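Spelled out from the first residue to the last, the chains are:
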Amino acid sequence: MTQDNLRWPEISFEDRIGTARFDVGERAHITVDSRICADCSTRECVVACPAKLFVPTADGGILFNYEQCFECGTCYMVCNREGAIAWTYPDGGHGVVFSQT
Amino acid sequence: MPDSPMPDNPMPDNPMPETPFFEVVVVGAGPAGSCAATVLARRGVSVLLIERGPFPGSKNMYGGVVYPRILDSLHPEWWEEMPIQRWVTRRSTMVLTENQAVTIDFRSQNWGVPPYNGATAYRPDMDHWLASKAEAAGARLLTSTTVTGLITDARGQVCGVRTDRPDGDVACRMVIACDGVNSFVAKEAGLYPDLNPANFTLGVKETLGLSRSVIEERFAVRDREGVDIEILGGTQGVNGGGFIYTNLDTLAVGVVLKLPALAAQKTRPEEIIAHLKSHPGIAPLVEGGEILEYSAHLIPEAGRSMMPQLTGEGLLVAGDAAAMCLAAGIWLEGVNFAMASGMAAAETAAEAITAGDVSKRGLAGYEKRLNSSFVLADHDKLSRIPGLVLSDRVQHQYPQMIANVVERVFRVDNPQPKPGLRKIFAEERKRAGVRLRDLARDGWTGMRGFG
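Since the structure is predicted, the reported quantities are computational estimates derived from the model, not experimental observations. Position labels on residues start from 1 in each chain and follow its written sequence. Numbering of ligands from 1 and lettering of chains from A proceed in the order in which they are written. Residues qualify for local features only when their pLDDT is at least 70, as the model is predicted, and side-chain atom pairs are given and counted only at 80 or more; totals for whole chains, interfaces and linings, by contrast, use all residues. As a rule here, side-chain values come from all non-hydrogen atoms in the structure, and water together with hydrogens is ignored.

K.L.:
What should I look at first to understand the pattern of salt bridges in this one?
P.N.:
Any two side chains of opposite charge can pair, on the condition that their charged atoms come close. Residues and elements named next belong to chain B. By salt bridge we mean one thing: a side-chain nitrogen of Lys or Arg within 4 Å of a carboxyl oxygen of Asp or Glu. Tallying each qualifying case throughout the model produces 30 salt bridges over all chains. Taking the shortest distance from any N to any O, the salt bridge between Glu-270 and Arg-268 comes out at 2.9 Å. For the pair formed by Glu-270 and Arg-268, the shared burial category is buried. A salt bridge links Arg-411 to Asp-413, with the shortest nitrogen-to-oxygen separation between them at 3.3 Å. Salt bridges sharing partners connect three or more residues here, namely Arg-393, Arg-435, Asp-438, Arg-441 and Asp-442. For each residue, the accessible area found with a 1.4 Å probe, counting protein chains only, is set against the maximum for its type, and the residue is called buried under 20%, exposed over 50%, and partly exposed in between.

K.L.:
Can you walk me through the packing of aromatic side chains in this structure?
P.N.:
Aromatic ring pairs are described here by two measures, namely the spacing of the ring centres and the angle between the planes. All names here are of chain B. By convention, a stacked pair of Phe, Tyr or Trp rings (six-membered ring in the case of Trp) has centres within 6.5 Å and planes under 30 degrees apart, an edge-to-face pair has planes over 60 apart, and any other such pair is tilted. Considering all chains together, one arrives at 17 aromatic pairs over all chains under this definition. The interplanar angle of 10° and the centroid separation of 3.5 Å between the aromatic rings of Trp-87 and Tyr-116 together place this pair among those described as stacked. In this pair, Trp-87 sits in strand S4 (residues 86–96) while Tyr-116 sits in the loop between strand S5 (101–107) and strand S6 (118–120), placing the two residues 29 residues apart along the sequence. Residue Trp-87 is classed as buried on the basis of its relative accessible area of 8%. On the basis of relative accessibility, which here comes to 15%, the residue Tyr-116 falls in the buried class. Helix numbering and strand numbering both begin at the N terminus, where a helix is a DSSP run of H or I of at least 4 residues and a strand a DSSP run of E of at least 2.

K.L.:
Hey, could you run me through the domain arrangement of chain B in this one?
P.N.:
Many descriptions give the size of an interface as the accessible area lost when the pieces come together. All names here are of chain B. Marked domain ranges trace back to an automatic or database domain assignment. Along its sequence, chain B is carved into domain 1 (21–79 + 122–194 + 304–382), domain 2 (86–119 + 197–301) and domain 3 (391–450). Relative placement of domain 2 and domain 3: their C-alpha centres are 25 Å apart. For this analysis, residues touch if any pair of their heavy atoms sits within 4.5 Å. Facing 11 residues of domain 2, the contacting portion of domain 3 comprises 12 residues. Summed over both partners, buried area is the accessible surface (1.4 Å probe) that two parts give up on being assembled. Contact between domain 2 and domain 3 buries roughly 840 Å² in total, counting both sides, with carbon and sulfur atoms accounting for 59%. Where domain 2 packs against domain 3, one counts zero salt bridges. Residues adjacent in sequence count toward polar contacts only when both atoms are side-chain atoms; beyond that, a polar contact is any pair of N or O atoms within 3.5 Å, and within protein one must be able to donate a hydrogen and the other to accept it. Counting across the interface, domain 2 meets domain 3 through six residue pairs in polar contact (both at pLDDT 80 or more). When its residues are assigned to classes, the side of domain 2 that touches domain 3 shows five nonpolar, six polar and no charged. Polarity classes work like this: nonpolar for Ala, Val, Leu, Ile, Met, Phe, Trp, Tyr, Cys and Pro, charged for Asp, Glu, Lys and Arg, and polar for all others, with Gly in that last group.

K.L.:
Is there a simple way to explain the interface of chain A and chain B in this structure?
P.N.:
On the chain B side, the residues contacting the 45 residues of chain A number 58 residues. At the junction of chain A with chain B, the criterion picks out three salt bridges. The salt bridge partner of A:Glu71 is B:Arg52, with a shortest N-O separation of 2.7 Å. Counting across the chain A and chain B interface gives 24 residue pairs in polar contact (both at pLDDT 80 or more). Those elements giving two or more residues to the side of chain A that touches chain B turn out to be helix H1 (13–17), helix H3 (44–48), helix H4 (74–78) and strand S6 (95–97) of chain A. Residues of the side of chain A that touches chain B, tallied by class, amount to 24 nonpolar, 14 polar and seven charged.

The following block contains the structure:
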C-alpha cells in the first residue's frame, strides 16, 4: 500500500503545524545543548518530536526551535544524552493553545 | 491573552503574612484539578486553582471520549450542561493488517439517552466547563500562571508554591498536584523516582473537518449519536494503536505510539497517521477531511506499575500526574480516573485540614479512598493488561493471524471442501509464527485481567 491511493492532498508540515495556535513567549522554554547533540548518532528527537522541532544540520548539529511546541515532553523522554535538553513549561499564558481536540 | 490578577487572600494565621494564603493550592485546572477544587470549595475550604494556560483546557488534548458518570454525584444531570460533541452509541474495535480489517461493531441506543455512557468532547471546551463549576462553587481560578516549584518548611512539609508571576509565591496548608503527565510537582517532591520512557506513549491526532451529514452517512449515526473506533495494528510496526472518533462536524483521527518504539525507527508520527488514513478500511471514512487542528500529548500508558507515590508531606497527586490513565485495550479511559482521583484527593484534604494534620500520615486516607473506588480497583485488576496490549506478539503477530483466520473462514475455496475452523486456526497460528505456549500465556494474562 502506498500513499498514491490517498484521495486528498497531503499537506506540508508547515501547513500542518500552522493549524495549531501558539502564543509564543519571549523565553525559550526548552533549550538544546548542540555540543552534546553533535556527538549523538541516534537522534531520537528528530523522528519522535510531533512538532518536528529538531532538525539535523549539514554540519552534524541539531537546529532547535521552541516556538511551535506542543509541550508534550516526548523529546526529553526519548533523549539518551544527559544534559542535552533542558525542558520547562513556557511562561504562564504562553505556548500552545488547543481548541478542537 | 485572558489574565487574572494575583489573588490576595490574607488569613490571620498566615505563616507568610506578605504572601497570599489559601488552605489548598491545586496545580492544574484539568479534570482532576477542577473536580478537586469543586469538592474543596463546597466544603468551605479556601482553594486556589492554578492553570498555566490562558484558559483551563487550553493545554489539553486526548483521543476523544470521556465517560462522565463519576460526575453524577458532583454535578447531577451533568449531561444537560456539559459541552459534548456526540454521545457514543457505536463502539468498534478494528484489527488491521496492510490490506485486511477485522471489525467487531457494537451499537446500543441505550447509550444515546440519559445517563448515557461515553461522549466525544473537545477538552478545551470540557475542561473549561469543569473549571467554571469549580469557580461557581467558590474556588479561585488563576490562569496564565505556571507553577515553578514547591515551597517547603523546615520539616520538609509542603507549605506553598512558587509561580512565574512577580511576587508569585502562594502559601498554603497543602498542595494537590494535578499538573498532568509531566508532573514537575510530583517529580520535585521525589514521588516519581522511576521515569522509564517505555511507560509512555505519544498520542498524535488530526481533527478533520467534514460536514455533519457526511459524518452521519459514513458512520451510520443520527442527531447527536457518535462512534468510537479503536484500532489495533495500522501503526507501521510501531507498538501502539489508532483511533477514530466522531465529533459533531469533525473527526478525530490519530495514533498512539510507544516512545522507545517510535524513537527507534525512522517514520515520523504524522506519516504514521497518513498511512493509517490511507488504509482501504479507513480511507473511505476520513477522505476529504481537511486538517483543522494537529495536536499531540504524552499518555502515561503503563497503569499501576508506573504510578508514583500518591501521597507526600502536605501533597497529594491525582490524574495523569499520578499516571491514572487506563490503557487496557478494550478500555481506554483517563478523564474519569482523573476526576475521581481529584475528588478523592479533595475529600482527604478537607478532612486532614479539619483534623489539623496534613502530613503524609494525615493524608493516608487518599490511597484508602482510591483503593475502595474503581480508580485503583480497576488499575490493580488490569495491572498486566497495558503491557500485554503493547507487547510485540499482540502488536506484530496476532493481528495478521486473526485477519488470516477470518479471511479463510469466509473464503469459499471450491472445489476444495471447507477445512474446518480448528485446522484453519492451527495453520494460521503456525504461519504467523505464534507458539501455542505464548498464546496460552497471553490468553491467561488476558483472562486474569479482563475476567
